[in-house]
Amino acid sequence: MTTYITTPIYYVNAQPHLGHAYTTIVADTYSRFMRLCGERVRLQTGTDEHGDKIAEAAAREGVSPREYVDRISALFRETWPQLTIEPENFIRTTDPGHIRTVQNILQQVYDQGDIYFGEYTGLYCKGCERFLTEKELEKGLCPDHQLPPDEISEQNYFFRMSRYQQQLIDHIQAHPEFITPERYRNEVLSFLSEPLEDLCISRPTSRLTWGISLPFDENFVTYVWFDALINYLSGLGYPDGPDFADFWAGAEHVIAKDILKPHAIFWPTMLLAMGAPLYQRLHVHGYWNVDETKMSKSIGNVVRPAELVEEYGVDTLRYFILREMSFGLDASFSSDGIVARQNSDLANDLGNLFSRSLAMLAKYVDSTVPAHSVDDETDVLLRKTATSMLASYRSHMKDFEFHRALRSVWELVAQANKYIVVNEPWTLAQDASQAGRLGSVLYNLAEALRLLALVLRPVMPTTSAKMAAGLGLAEDDACLKGLDTAGVWGLIPVGTRLQATPSLFPRMDQKKKQSAPAVARKSKTPPAQGKEKGGAAATENVITFDQFQQVELRVAEIVAAERVKKSDRLLKLTVMAPEQRTIVAGIAQSYSPDEVIGRQVIIVANLKPVRLMGIESQGMVLAAKIEENGASRLVLTAVSGPVAPGSTVA
Ligand code: ME8
């Protein structure tokens, strides 16, 4: 089976931004996913280079259209590898092959009588490069450009789009998956419930020369949409190239809602007129805003992909936008949002699962995947979670519900973290008779990580490769290839030698966040500056919010405790936060070791380690100091309900 996945070809009158990056990352992720499913995949993106808008942009810059389109098209082409996007084809509408295909199609459709010459008077929006109907206007203005359209009357060529209206309606009704999500299918059907007008497909050369000449009348160039949509065919060598034969049957287009009508109405009617099969599915997503505001050059909040990659790393960006946007709906980008996901989902949940599992495998079984023996109910639960994750991951990815697919992946991450807490490998390691059980627990963790590396491959290719390397697997190892064959529990080979691997995601510290240049951040109200009398702000020891943010507070679970020899004040605590660490706490006069084991407390996690009675203490446990009967006593801090060890306190 084959999949041909396309993005829109982007206009070269603007530089690549977050919106372009999203569509293209979606297409790349889906193409990687379909490859994992064993399909032959071809990903195509490119640039749309003809039309008034481009000619005007070139004129504004005082260069020829050719010079201008070459420069901006190269910017798009260079952006994709920075996002680990690897298209098989990058098409430009100025490519000679594309121009030939457009002209051949025009000639064919003209010869068969589906293009005619006529007079047209209409309301033309220069921004949209098309005539708008009265109905589309909002208060007399183009809804997208907020400008009044010009009334233009001219002789032009028309495509008999109306002739194919019923055939298109029938097709959409017979194929519910043709336009997804459903809200856009309904929008198109409602539009089609009114008679379609024919489509004006030419522009007189007296008004525009930067376009593809009509093969049957050199006084006209092709309307930019009729030219641009054909890229999906010309990029495959239509009509008789071997790639066309192989891939068109698996064609899926990804677009945003702004260009629904050309893709759901113009394009299929054009294909029907050509006698070519229709594409399989059209996937329509919503719009990215930035800090709840429309992205726009004039507001100055346009987010550039290269800056985001530099600031957050490519996989964090890919994960964030796929996880944050419900495909089909609008979403808002913010620096706070991406930092929060990086710290919680990536550094805390996934990153810590990976690093503490590998650390325990190194410490207890010499970095070698051990054999596993009998299952207990925690093993069964972990495996069940993995199996149901795989099923829902697969179906959501196929349906372009990336946020849901990732949510189910994180259910396995959470379950594996719980599995560690419940099984306490550090306790098992203290008892030689538990070596078999310890091996099973560590095996299952390695296996969960293998499955995570597998399913995260389409979304975060670099992280997945790092995970595979840490697990001692090559990316093309059988157990990481083929979702069907590799998506079975128990495939990581016993005896695999693990590799020391740096942490997957560093926690993003406040300093870094503060320097974020790419996005305007929501303003935070700083604490009062100490002007008013009597308030806390008036005291000497005021710290700023930023200073407070430098203190990393976390929930830690105490898993072991013992008295420190020769000290009646100190307890040596082993805690998980979420990785294992030792903290020497001055609480021995208030608590016995037995009393604290199993408690969740709040610790300062980024305190510089100190040696106390010869033991390195890696943090500080917070406790309230109370006075009772003339003596002081410490009461440990706690959270009001159980939470995942390592959760941040803010
Ligand atoms: O329309 N949020 O090109 P274009 C999400 N050349 N996606 C966005 C976005 C946003 N804020 N802004 C842009 C054209 N996009 C034509 C297409 S195809 C035959 C011709 C993405 O440069 C989204 O994919 O205006 C949208 O559909 C596309 O960029 C529009 O790109």
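Residues numbered from 1 in each chain as written. Predicted model: local features only at pLDDT ≥ 70, side-chain atom pairs only at ≥ 80, totals over all residues. Heavy atoms only, no water.

Novice: Even after reading the chapter, I still don't get the overall build of the protein, so can you show me in this structure?
Specialist: The secondary structure content of the protein amounts to 22 helices and 26 strands. Principal axes of the C-alpha set define a box for the protein whose edges measure 100 × 70 × 45 Å. By residue count, 55% of the 650 residues in the protein fall in the buried class. Across the protein, every contact between residues at least 6 apart in sequence was considered, and the portion connecting residues at least 24 apart equals 74%. Here the protein has roughly 28,600 Å² of accessible surface; of this, 51% comes from carbon and sulfur atoms. (Helix = DSSP H or I, 4+ residues; strand = E, 2+ residues; numbered from the N terminus. Buried < 20%, exposed > 50% of the residue type's maximum accessible area, 1.4 Å probe, protein only. Contact = heavy atoms within 4.5 Å. Areas by Shrake-Rupley, 256 points an atom, 1.4 Å probe, with all protein chains shown as cover.)

Novice: Mind showing me how you'd approach the pattern of salt bridges here?
Specialist: Side chains carrying opposite charge are able to pair once their charged atoms draw close together. Inspection of every chain in the model, using the stated rule, returns 30 salt bridges. Among the salt bridges present, the one from Arg207 reaches Asp52, with a minimum N-O distance of 3.9 Å. With Arg207 in the loop between strand 9 (202-204) and strand 10 (213-214) and Asp52 in helix 2 (residues 52-61), this pair connects stretches of sequence that are 155 residues apart. Put simply, Glu475 and Arg457 hold a salt bridge, and the shortest N to O gap is 3.9 Å. In this pair, Glu475 is assigned in the loop between helix 18 (461-470) and helix 19 (483-486) and Arg457 in the loop between helix 17 (435-456) and helix 18, connecting sequence segments 18 residues apart. Members of the salt-bridge network, linked through shared partners, are Asp28, Arg32, Glu86 and Arg318. (Salt bridge = Lys/Arg side-chain N within 4 Å of Asp/Glu carboxyl O.)

Novice: Got a minute to help me understand the nonpolar core in this structure?
Specialist: One recurring pattern in soluble globular proteins is that nonpolar side chains are buried together. The biggest cluster of nonpolar side chains holds 169 residues, and the ones touching the most others in it are Phe159, Ile179, Trp248, Trp267, Phe333, Leu350 and Trp410. A total of 14 residues in this core trace back to one element, the largest contributor, which is helix 17. Here this core spans two domains, since at least three of its residues come from each of domain 1 (2-285) and domain 2 (335-486). Phe159 has contacts with Val109, Asp114, Ile115, Tyr164, Asp198, Leu199, Ile201, Phe226, Thr269, Met270 and Ala273, leaving out every residue within four places of it along the chain. (Core = buried A, V, L, I, M, F, W, Y, C linked by side-chain atoms within 4.5 Å. Domains from an automatic or database assignment.)

Novice: Could you clarify how one ought to interpret the packing of aromatic side chains in this entry?
Specialist: Inspection of the entire model under this criterion finds 30 aromatic pairs. Every member of this aromatic cluster is reached through a ring pair, and the members are Tyr4, Tyr232, Tyr238, Phe244, Trp248 and Trp267. A cation over an aromatic ring shows up here: Arg183 above the ring of Tyr184, its NZ or CZ 5.6 Å from the ring centre. A cation over a ring is seen here: Arg207 above Tyr124, with NZ or CZ 4.9 Å from the ring centre. (Phe/Tyr/Trp six-rings, centres within 6.5 Å; stacked < 30°, edge-to-face > 60°. Lys NZ or Arg CZ within 6 Å of the ring centre and 35° of its normal.)

Novice: What am I meant to see in the domain arrangement of the protein here?
Specialist: By a frequent convention, interface size equals the accessible area lost on bringing the separate parts together. If you check the domain split of the protein, you get domain 1 (2-285), domain 2 (335-486) and domain 3 (517-636). Contact with domain 2, which involves nine residues of that partner, is made by 11 residues of domain 3. Counting across the domain 2 and domain 3 interface gives zero salt bridges. Our enumeration of links across domain 2 and domain 3 arrives at two residue pairs in polar contact (both at pLDDT 80 or more). Looking at the side of domain 2 that touches domain 3, the element that brings in the most residues is helix 13 (residues 335-365), giving seven residues. Among the residues making up the side of domain 2 that touches domain 3, the classes are represented as three nonpolar, three polar and three charged. (Polar contact = N/O pair within 3.5 Å; in protein donor to acceptor, adjacent residues only side chain to side chain. Nonpolar A, V, L, I, M, F, W, Y, C, P; charged D, E, K, R; others polar.)

Novice: Got a minute to help me understand helix 3 (residues 65-82) in this structure?
Specialist: A turn of α-helix holds 3.6 residues, and therefore any two residues three or four places apart point the same way. Here helix 3 is 18 residues long and its end C-alpha atoms lie 27 Å apart, about the 26 Å a rise of 1.5 Å per residue gives. Those residues of helix 3 that are buried are in contact with strand 1 (2-11), helix 1 (18-36), strand 2 (40-48), helix 2, strand 3 (89-92) and helix 11 (305-312). Just past helix 3, the residue Thr84 takes up positive phi, approximately 50°. (Expected span 1.5 Å × (residues − 1).)

Novice: Would you explain the packing of helix 13 against helix 18 in this entry?
Specialist: Remark: helix 13 packs on helix 18, axes separated minimally by 11 Å, with the N-to-C direction vectors making an angle of 15°. Looking at the two axes, helix 13 sits roughly parallel to helix 18. Of the two elements, helix 13 crosses helix 18, and the hand of that crossing is left-handed. Of helix 18, the residues touching helix 13 (which contributes Leu350, Phe354 and Leu358) are Lys466, Met467 and Gly470. For the contact of helix 13 with helix 18, the residue count by class is four nonpolar, one polar and one charged. (Axes fitted to C-alpha atoms, helices over the stretch in contact; angles between N-to-C directions. Parallel < 35°, antiparallel > 145°, perpendicular 65-115°, else oblique. Left-handed = near helix turned anticlockwise from the far one by under 90°.)

Novice: Is there a simple way to explain the site of the ligand in this structure?
Specialist: The ligand sits among 23 residues. The nearest are Ile9, Thr23, Asp48, Asp258 and Trp288. Contacts to the ligand include Ile9, whose backbone N or O atom sits 2.8 Å from a nitrogen atom. The side chain of Thr23 places a nitrogen or oxygen atom 2.7 Å from an oxygen atom of the ligand. Relative to its free-state accessible area of 670 Å², the ligand is covered by the protein chains to the extent of 93%. Elements that contribute at least two residues to the shell around the ligand include exactly strand 1, helix 1, helix 7 (224-229) and helix 8 (231-234). Sorting elements by how many residues they give to the shell around the ligand places strand 1 first, with four residues. (Near = heavy atom within 4 Å.)

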